[in-house]
Amino acid sequence: MAGEAGVWSFGYGSNMDMAALQGKKGVRVLRHCAAVLRGYTLAFGMDGLSHVEPGFACLRKAEGDEVHGVAFCMGAESVAVLDKAEGNGTAYVKETVELAAYTGEHLEAFIYVNPRDTGANFPPSRRYLGVLCKGARQA
């Protein structure tokens, strides 16, 4: 809807793919742009199914590092939809951060982080890496 403020989030894994975010997860995206999250690094620290999907992307605090991804603004009703798709707090917790859009705009957004991150890394599947690369290309 025109003029709707919405809520910003940062996609750094499968949530970089706006078509899948809207079609598969049911999130109503109002606007999106490429953006940078400073003070974090991208890791594959969420373990999955060992031979099928061994590892998923997560964010780790890391002074001096940055993660490039997609900032997306969604309708307020979509926040609960996305939270449910991301495990309702069982897989991730949310933190509020500031993003720097490639356009120069500064955005307050939330990110999902793994509260049980042990620092381990699990290899992502070829399929999952393809999902990340597709989202990055689209951005």
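About the criteria used
- Residues numbered from 1 in each chain as written.
- Predicted model: local features only at pLDDT ≥ 70, side-chain atom pairs only at ≥ 80, totals over all residues.
- Heavy atoms only, no water.
- Buried < 20%, exposed > 50% of the residue type's maximum accessible area, 1.4 Å probe, protein only.
- Helix = DSSP H or I, 4+ residues; strand = E, 2+ residues; numbered from the N terminus.
- Pairing = 2+ DSSP bridges.
- Core = buried A, V, L, I, M, F, W, Y, C linked by side-chain atoms within 4.5 Å.
- Contact = heavy atoms within 4.5 Å.
- Phe/Tyr/Trp six-rings, centres within 6.5 Å; stacked < 30°, edge-to-face > 60°.
- Expected span 1.5 Å × (residues − 1).
- Arc of directions from axis to C-beta.
- Salt bridge = Lys/Arg side-chain N within 4 Å of Asp/Glu carboxyl O.

A large share of strand 5 (residues 106–113) lies buried, amounting to 6 of its 8 residues. Across 8 bridges, the pairing between strand 4 (residues 93–101) and strand 5 is antiparallel. Note that in strand 5 the partner of Glu98 across the bridge is Glu108.

Phe10, Tyr12, Leu37, Leu59, Leu82, Leu99 and Ile111 are the most contacted members of the largest nonpolar core, which has 38 residues in total. Among the elements of the structure, strand 1 (7–11), helix 1 (18–23), strand 2 (29–49), strand 3 (53–74), helix 2 (76–85), strand 4, strand 5 and helix 3 (126–138) are those that each provide at least two residues to this core. Filtering out sequence-adjacent residues up to four positions away, Tyr12 remains in contact with Leu42, Ala57, Cys58, Leu59, Val67, Tyr92, Tyr112 and Leu132.

Before going further, it helps to examine the packing of aromatic side chains. Under the definition given, this model contains 4 aromatic pairs. Each ring, one from Phe110 and one from Tyr112, has its centre 5.4 Å from the other, and the planes form 90°; the classification is edge-to-face. For the pair Phe110 and Tyr112, a shared accessibility class is recorded, and that class is buried. The structure contains a cluster of three or more aromatic residues connected by ring pairs, namely Phe44, Phe56 and Tyr128.

Turning our attention to helix 3. Its 13 residues place the ends of helix 3 18 Å apart at the C-alpha level, agreeing with the 18 Å of an ideal helix rising 1.5 Å per residue. Where helix 3 is concerned, the buried positions are Tyr128, Leu132 and Gly135. Buried positions in helix 3, seen along its axis, are confined to an arc of 65° and lie on one side of it. Set apart from the buried face of helix 3 by more than 90 degrees, the exposed residues are Arg126 and Arg137.

This part takes up the pattern of salt bridges. Here the structure, examined in full by the defined rule, presents 7 salt bridges. In this structure, the salt-bridge partner of Lys25 is Glu86, at a minimum N-O distance of 2.7 Å. Highlighted residues: Lys25 in the loop between helix 1 and strand 2 and Glu86 in the loop between helix 2 and strand 4, separated in sequence by 61 residues. Accessibility expressed as a relative area gives 11% for Glu86, which makes it buried. Asp83 is the salt-bridge partner of Lys94, the closest N and O atoms lying 3.0 Å from each other. In this pair, Lys94 sits in strand 4 while Asp83 sits in helix 2, placing the two residues 11 residues apart along the sequence.

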